[in-house]
Amino acid sequence: MTLHLLTFFLAIILLLVFFQDLKKRTIHVGLPILIFLLALIINYISPGLTFSVILYNIAFVCINIIGLTLYFSFKSKILINPIDTFIGLGDIVFFLALTPLFSLKPFIMFFILGLLFSLLIHSVLLIFKRVKTIPLAGYLSIFIVVNILAKNIFKINTLL
């Protein structure tokens, strides 16, 4: 019961991230902190998740940031900082806040499928409105909320 209540609060905060990121293209610093704290508690309560998993997931996010930096640096032939140019700092902090929710393989699947989901949603929305930036944290929030609903209401085995 406690796990379901925590997951419900997590879904509410994720919806706040979605609406805030969609409207302002930025998220308040308190939201990823709340997500991380709830995710830590969920990690502690959930069987199969350990704190060492968080370190693996953080390493995965860091490897991706380093890869992104190297890619754009080689492409431009100068050292490029991709943060706030190609990806927002809030998006990176959001990824880090989610690290306690997944073991490594599901986190990698979430990362890939979440980015594809975001690309698909943004491509559809581009038909109706031209925007320069992608509210990645917002789209990923919706992706997680859909997974939470599928798992808890429809009993479908998802990433979470």
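About the thresholds
Throughout this description, residue numbers start from 1 for each chain and increase along the sequence as written. Local features are withheld for residues below a pLDDT of 70 in this predicted model, meaning they are given only at 70 or higher, and side-chain atom pairs are given and counted only at 80 or more; totals for whole chains, interfaces and linings count all residues. Computation of side-chain values covers all heavy atoms of the structure but excludes hydrogens and water. Numbering of helices and strands runs from the N terminus, with a helix taken as a DSSP run of H or I at least four residues long and a strand as a DSSP run of E at least two residues long. Two things to know: the radius of gyration comes from C-alpha atoms, and the globule rule equals 2.2 Å times the number of residues to the power 0.38. For each residue, the accessible area found with a 1.4 Å probe, counting protein chains only, is set against the maximum for its type, and the residue is called buried under 20%, exposed over 50%, and partly exposed in between. Throughout, a residue-residue contact means that at least one pair of heavy atoms, one from each residue, lies within 4.5 Å. Computed with a 1.4 Å probe, the accessible areas rest on the Shrake-Rupley method; for each residue, only the protein chains presented here act as cover. Only buried Ala, Val, Leu, Ile, Met, Phe, Trp, Tyr and Cys residues count toward a nonpolar core, and they belong to the same one when joined by side-chain atoms within 4.5 Å. To count toward a patch, a residue needs a relative accessible area over 30% and no salt bridge; like charges are then connected within 9 Å, while nonpolar side chains (Val, Leu, Ile, Met, Phe, Trp, Tyr) are connected within 5 Å. Any Lys or Arg side-chain nitrogen located within 4 Å of an Asp or Glu carboxyl oxygen qualifies as a salt bridge. By this rule the span expected of a helix is its residue count minus one, scaled by 1.5 Å. Here the aromatic set is Phe, Tyr and Trp, taking the six-membered ring for Trp, and pairing holds for ring centres within 6.5 Å; pairs whose planes are under 30 degrees apart are stacked, those over 60 apart are edge-to-face, and all others are tilted. Whenever a nitrogen or oxygen atom comes within 3.5 Å of another N or O atom, the pair is scored as a polar contact, on the condition that within protein one atom can donate a hydrogen and the other can accept it, and that pairs from neighbouring residues in sequence are kept only if both atoms are in side chains. Note on method: axes are straight lines fitted to C-alpha atoms, helices fitted across the in-contact stretch only, with angles between N-to-C directions ranging 0 to 180 degrees. For any helix crossing, the convention is left-handed if the near helix is rotated counterclockwise from the far helix by under a right angle, and right-handed if that rotation is clockwise. Here the nonpolar group is Ala, Val, Leu, Ile, Met, Phe, Trp, Tyr, Cys and Pro; Asp, Glu, Lys and Arg are the charged ones; every other residue, Gly included, is treated as polar.

## Describing the overall build of the chain
Here's step 1: The secondary structure content of the chain amounts to six helices and zero strands.
Here's step 2: Here the C-alpha radius of gyration of the chain, 16 Å, is about what a compact globule of 160 residues would show, namely 15 Å.
Here's step 3: Along the first, second and third principal axes, the C-alpha set of the chain runs to 50 × 40 × 30 Å.
Here's step 4: A burial count over the chain gives 38% of its 160 residues as buried.
Here's step 5: Residue pairs at least 24 apart in sequence account for 64% of intrachain contacts in the chain once pairs closer than 6 positions are excluded.
Here's step 6: Carbon and sulfur atoms form 76% of the exposed surface of the chain, whose accessible area is close to 9800 Å².

## Notes on the nonpolar core
Here's step 1: Formed by 32 residues in total, the largest nonpolar core has its most connected members in L10, L14, I35, F94, L98 and F110.
Here's step 2: Those elements giving two or more residues to this core turn out to be helix 1 (2-24), helix 2 (30-45), helix 3 (51-76), helix 4 (89-98), helix 5 (104-128) and helix 6 (136-152).
Here's step 3: The dominant element in this core, judged by the number of residues it contributes, is helix 6, at seven residues.
Here's step 4: When residues no more than four places from it in sequence are discounted, the contact partners of F94 are L14, V17, I35, A137, L140, S141 and I144.

## Some points on a nonpolar patch on the surface
Here's step 1: On the surface, L3, I41, Y44, I45 and F51 cluster together to form a nonpolar patch covering roughly 500 Å² of accessible area.
Here's step 2: A per-element tally of the nonpolar patch places helix 2 first, with three residues.
Here's step 3: Counting through the fold element by element, F51 comes out in helix 3.

## Thoughts on helix 1
Here's step 1: For helix 1, which comprises 23 residues, the first-to-last C-alpha distance of 33 Å matches the rise-based estimate of 33 Å (1.5 Å per residue) to within 8%.
Here's step 2: What helix 1 keeps buried is the set L6, T7, L10, A11, I13, L14, V17, F18 and D21.
Here's step 3: Buried residues along helix 1 sit in contact with helix 2, helix 4 and helix 6.
Here's step 4: Positive phi appears at R25, one or two residues downstream of helix 1, with a value of about 60°.

## Considering the environment of F9
Here's step 1: By secondary structure assignment, the location of F9 is in helix 1.
Here's step 2: In this structure, the C-alpha to C-alpha distance between F9 and I35, residues 26 residues apart in sequence, is 9.2 Å.

## A look at the packing of aromatic side chains
Here's step 1: Summed over the entire model, instances satisfying the criterion amount to 13 aromatic pairs.
Here's step 2: Consider the rings of F117 and F143, whose centres lie 5.2 Å apart with planes at 40°: the pair is tilted. With F117 in helix 5 and F143 in helix 6, this residue pair connects regions lying 26 residues apart in the sequence.
Here's step 3: Grouped by ring-pair contacts, the aromatic residues F60, F95, F102, F107, F110, F111, F117 and F143 constitute a single cluster.

## Some remarks on the side chain of T99
Here's step 1: Tracing the backbone shows T99 in the loop between helix 4 and helix 5.
Here's step 2: You can call T99 buried: its relative accessible area is 0%.
Here's step 3: From its side chain, T99 meets the backbone oxygen of L96 in a polar contact 2.7 Å long.

## Brief notes about the packing of helix 3 against helix 5
Relative placement of two packed helices is described by the angle separating their axes and the distance separating the axes.
Here's step 1: Helix 5 packs onto helix 3 with a crossing angle of 35° between their chain directions and a minimal axis gap of 9 Å. Like other packed secondary-structure pairs, helix 3 and helix 5 cross with a definite hand, here right-handed. Along its contact with helix 3, which presents V53, Y56, N57, F60, V61 and N64, the element helix 5 presents L104, F107, I108 and F111.
Here's step 2: For the contact of helix 3 with helix 5, a count of residues per class yields eight nonpolar, two polar and no charged.

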